[in-house]
Amino acid sequence: MQNTKLQAFTPLFYLVWSDDLLTQKEFATLKEFINSLNVLSPDEKEYLLSKADISNPPSRNELTQWKLDIEKSIQDTSSIKSIFDIVKALSGSNLDLTPIESDFKKLENDLGILGEEALQNFKTKAGSFTADSQTNASFDIQKITQILDGKEAAIIERVKSVISRPEFAYETSTDINVFRQTVYKWCKILADENLGNMAYPKQYGGGENIADYFAIMETLSYHDLSLVIKFGVQFGLWGMSVQSLGTEKHYAKYLKDIGSLKLPGCFAMTETHHGSNVKGLETTATYNHSNQTFTIHTPNKNAQKEYIGNAAVHGQMATVFAKLIIDDHDYGVNAFVVPLRDPNGNVLNGVTIGDCGHKMGLNGVDNGTISFDNVVIPKENMLDRFASVNDKGEFESPIPSDNRRFFTMLGTLVGGRIGIPRSALAAAKSGLTIAIRYSDQRRQFGPEGGSEVPILNYRMHQRRLLPHLAKTYAVHFALQYLTNRFLNRTEAEMQEIEALAAGMKSFSTWSTRDILQECREACGGKGYLSENRIDALKNDTEIYTTFEGDNTVLMQLVAKNRLAEFRKSFGEMGSLGIINYVYENAKTAIAEKNPIATRRTEGEHLLDGEFHLQAFVHREKTILASAARRIKKLIDGGLEPYDAFNVVQHQMIDVAQAYLERIVLEQFQIAIKAVEDEPSKAILTKLNQLYALSTIEKNKAWYLEDGYMEAVKTKAVRKMVNQLCWDIRPDAVALVDAFDIPESCLAAPIAV
């Protein structure tokens with residue numbers, strides 16, 4: 001390409017051939033562009049077309065020479081923002097390219113070539129942008145911390161000060177009995193600090209502040225997660241089941257002692273053969289009117305209570321979920337307070353307790369099994385807020401519907417599905433802090449003749465960690481939204497809030513599972529050492545995807561709620577209702593799915609929050625309508641509804657996932673709008689863009705199938721994700737420092 005006119009096209013050909021993912025269609029686009037150029041003679045066109053022959057690629061030597069020619073010709077890259085700028089620089093004054101500028105920029109768009117990213121292909125070794133990238137916060141770290149902590153900043157600081165004390169030094173013994181006693185001791189300290197009873201009414205010694213309780217749970221999760229679960233079982237599940245399902249007589253009798261840890265207890269719902277299916281529990285509570293007692297009984301081995309926290313060693317009482325039987329009639333699952341041990345720790349007659357032993361994680365929690373052999377308790381031990389037995393020995397309830405009463409009872413316990421995802425979020429923050437700090441210090445490889453480079457400077461390492469960092473920030477604000485919805489709930493909203501809590505529990509805990517695995521791998525062999533804590537974080541949070549409801553089952557609940565909302569809006573999913581829904585959705589989609597929109601790749605569009613939200617909403621609505629149509633078609637074809645839902649179960653997960661992804665994005669965007677500090681807003685916006693585009697990239701197969709995007713656009717999204725990772729990299733350490741995790745809790749030598 002010695003001809004100056006032809007040499008001007010060198011950067012274009014270099015980029016075309018150095019990107020092995022370009023398709024035949026895109027080569028055809030390039031050929032069409034060359035043929036349209038009137039500034040070229042037929043011979044020049046023929047020569048350029050020969051360089052765009054997919055069957056005859058240039059040699060590696062030729063590619064190297066092209067790159068050298070470009071680098072020699074470009075002295076000042078500061079004013080070059082696109083490939084067309086490079087072309088102009090190479091053509092000099094011999095060629096007026098102004099008439100084809102718009103065509104050339106359209107070609108860049110059609111090929112999905114981003115100018116900034118492409119330009120970095122032509123920087124010389126002496127000015128290695130990879131080697132030169134450095135940590136340099138563009139914002140005030142404390143201001144981001146304040147935004148994250150919000151109104152709970154005071155209680156968060158108080159908890160951090162407690163868990164930073166010397167007595168909270170991590171337990172290093174591998175003996176689970178020693179570990180369990182240490183965790184119990186920690187719980188007692190927290191109880192003495194009046195942190196355990198934070199959610200209980202003030203008249204029973206509590207703080208009457210559920211928002212602070214959730215903040216305590218999340219902040220404790222920077223420390224040992226066995227402590228968090230032991231704390232949650234005692235003061236959350238045991239104490240709040242009494243508070244939520246009981247009445248004044250139970251509050252007066254139990255809450256003060258539960259809050260002070262004078263009365264350790266359990267939450268005995270799960271059975272060996274009944275986990276998520278609470279309605280199927282087999283433990284019975286038979287009412288005896290003659291002496292006004294209940295007899296609690298385990299009818300078979302598979303009906304024993306299993307995985308019950310606090311049971312194996314410390315629990316003296318339990319909230320036991322059992323089928324209420326009156327005169328041989330089953331009145332469904334209700335809750336009862338049942339003694340397990342005396343104050344000296346001796347197991348009571350009729351109660352058999354086993355020890356679940358060593359587990360994958362959380363070995364500071366004494367999980368056990370409980371069986372009851374006709375254990376008699378007084379009538380007053382029934383937690384009777386929603387159902388009771390009257391003086392005549394008859395069943396009574398302010399909620400006549402069995403189904404509604406059952407779900408109302410479970411709905412009062414939804415707080416656990418807020419505490420667990422917030423705890424998981426804190427574990428993800430800890431893992432990312434360790435991995436990102438280490439990646440900023442650990443050096444490996446480097447430019448020829450230069451020193452080794454921090455591994456966080458490498459694009460693939462950024463790809464591994466920074467989208468997860470963006471997602472963690474996004475989930476933080478979504479969980480704040482969920483918490484606020486729960487705190488300000490009305491009766492009419494409860495079903496939606498329960499579904500949202502179930503969904504966010506799944507979304508957050510799955511996210512944490514994936515994040516910690518990536519953090520472990522990103523830290524190499526150092527991540528495998530127990531001293532660096534990722535193993536404890538991984539093992540302890542593994543069960544988060546199972547307890548408080550198996551995630552896959554919970555996602556079915558979310559999807560059914562979305563379908564129920566859909567049905568409310570459009571009648572019994574009648575054809576006309578669905579057609580109207582699809583038509584309304586299509587009206588907005590027409591603008592978004594026209595050929596211009598599906599191929600738009602310019603940076604301004606790809607980074608636009610409105611585009612992100614529209615893309616998420618479109619996916620959510622389309623998947624929901626599709627699932628509704630499919631279920632209706634199956635039922636209309638004679639299938640039982642139970643079977644129809646089973647056929648489309650995989651699609652139900654998609655319905656729930658699309659809904660949750662939209663909620664998370666939307667709440668992140670809303671939170672950013674409220675930020676007044678401009679540098680803080682700028683970095684949070686970048687994180688929001690990275691979360692949005694990395695999620696679109698994850699779902700690109702769906703968008704391509706749906707026709708919402710063409711390949712050129714999904715490729716441009718991929719490149720923009722790369723660019724955002726690169727742009728965020730200097731701020732990455734500051735962003736994890738903004739989590740403000742106590743150094744004594746991180747306690748990982750590689751994170752110093």
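Residues numbered from 1 in each chain as written. Predicted model: local features only at pLDDT ≥ 70, side-chain atom pairs only at ≥ 80, totals over all residues. Heavy atoms only, no water.

A.B. asks: Would you mind showing me how to read the pairing of strand 9 (residues 375–378) here?
C.D. replies: In summary, the side chains of a regular strand alternate between the two faces of the sheet. Alternating positions in strand 9 separate cleanly, V375 and I377 being buried on one face and V376 and P378 remaining unburied on the opposite face. Judged from the four bridges that link them, strand 3 (residues 293–297) and strand 9 form a sheet pairing that is antiparallel. The residue of strand 9 that forms the bridge with T293 is P378. (Buried < 20%, exposed > 50% of the residue type's maximum accessible area, 1.4 Å probe, protein only. Helix = DSSP H or I, 4+ residues; strand = E, 2+ residues; numbered from the N terminus. Pairing = 2+ DSSP bridges.)

A.B. asks: Just checking my understanding: could you explain the environment of N551 for this structure?
C.D. replies: Relative to the assigned elements, N551 resides in helix 22 (residues 551–569). For N551, a relative accessible area of 1% puts it in the buried group. C-alpha separation for the pair N551 and T509, spaced 42 residues apart in sequence, amounts to 8.4 Å. Leaving out residues up to four positions away in the same chain, N551 has contacts with K505, S506, T509, W510, Y544 and T545. Side chain to side chain, N551 and K505 meet in a polar contact 2.8 Å long. (Contact = heavy atoms within 4.5 Å. Polar contact = N/O pair within 3.5 Å; in protein donor to acceptor, adjacent residues only side chain to side chain.)

A.B. asks: What is the right way to read the pattern of salt bridges from this model?
C.D. replies: Should their charged atoms come close, side chains of opposite charge can pair. Enumeration according to the criterion identifies 32 salt bridges in this entry. With a shortest N-O distance of 2.8 Å, D440 and R729 are connected by a salt bridge. With D440 in helix 17 (residues 416–441) and R729 in the loop between helix 31 (711–728) and helix 32 (732–737), this residue pair connects regions lying 289 residues apart in the sequence. Residues participating in the shared-partner salt-bridge network are E157, K160 and D740. (Salt bridge = Lys/Arg side-chain N within 4 Å of Asp/Glu carboxyl O.)

A.B. asks: Can you walk me through the packing of helix 28 (residues 649–673) against helix 29 (residues 678–698) in this structure?
C.D. replies: A pair of packed helices can be characterised by two numbers: the angle between their axes and the separation between those axes. It is the contact of helix 28 with helix 29, at a shortest axis distance of 10 Å, that shows an interaxial angle of 165°. Between helix 28 and helix 29, the angle is such that the two are roughly antiparallel. Crossing of helix 28 against helix 29: the hand is left-handed. Seen from helix 28, the contacting residues are Q657, E661, V664, L665, F668, Q669, I672 and K673; seen from helix 29, they are K681, L684, T685, L687, N688, Y691, A692, T695 and K698. Looking at the contact of helix 28 with helix 29, its residues break down into eight nonpolar, five polar and four charged. (Axes fitted to C-alpha atoms, helices over the stretch in contact; angles between N-to-C directions. Parallel < 35°, antiparallel > 145°, perpendicular 65-115°, else oblique. Left-handed = near helix turned anticlockwise from the far one by under 90°. Nonpolar A, V, L, I, M, F, W, Y, C, P; charged D, E, K, R; others polar.)

A.B. asks: How should I be thinking about the nonpolar core in this particular structure?
C.D. replies: Among the nonpolar cores identified, the biggest contains 167 residues, and F321, I436, Y473 and M504 are the most heavily contacted of them. For M504, the contacting residues outside a window of four places in its chain are P421, V475, A478, L479, L482, L660 and V664. If you look at the next biggest cluster of nonpolar residues, it comprises 25 residues, including A318, A322, V375 and F395. (Core = buried A, V, L, I, M, F, W, Y, C linked by side-chain atoms within 4.5 Å.)

A.B. asks: Quick question: what am I supposed to make of the side chain of E271 here?
C.D. replies: Following the sequence through the fold, E271 ends up in the loop between strand 1 (265–268) and strand 2 (284–288). We classify E271 as buried; its relative accessible area is 1%. Polar side-chain contacts of E271 include one of 2.6 Å to the side chain of T283. In this structure E271 touches L281, E282, T283, N302, A303, Q304, K305 and E306, once residues within four positions along its chain are discounted.

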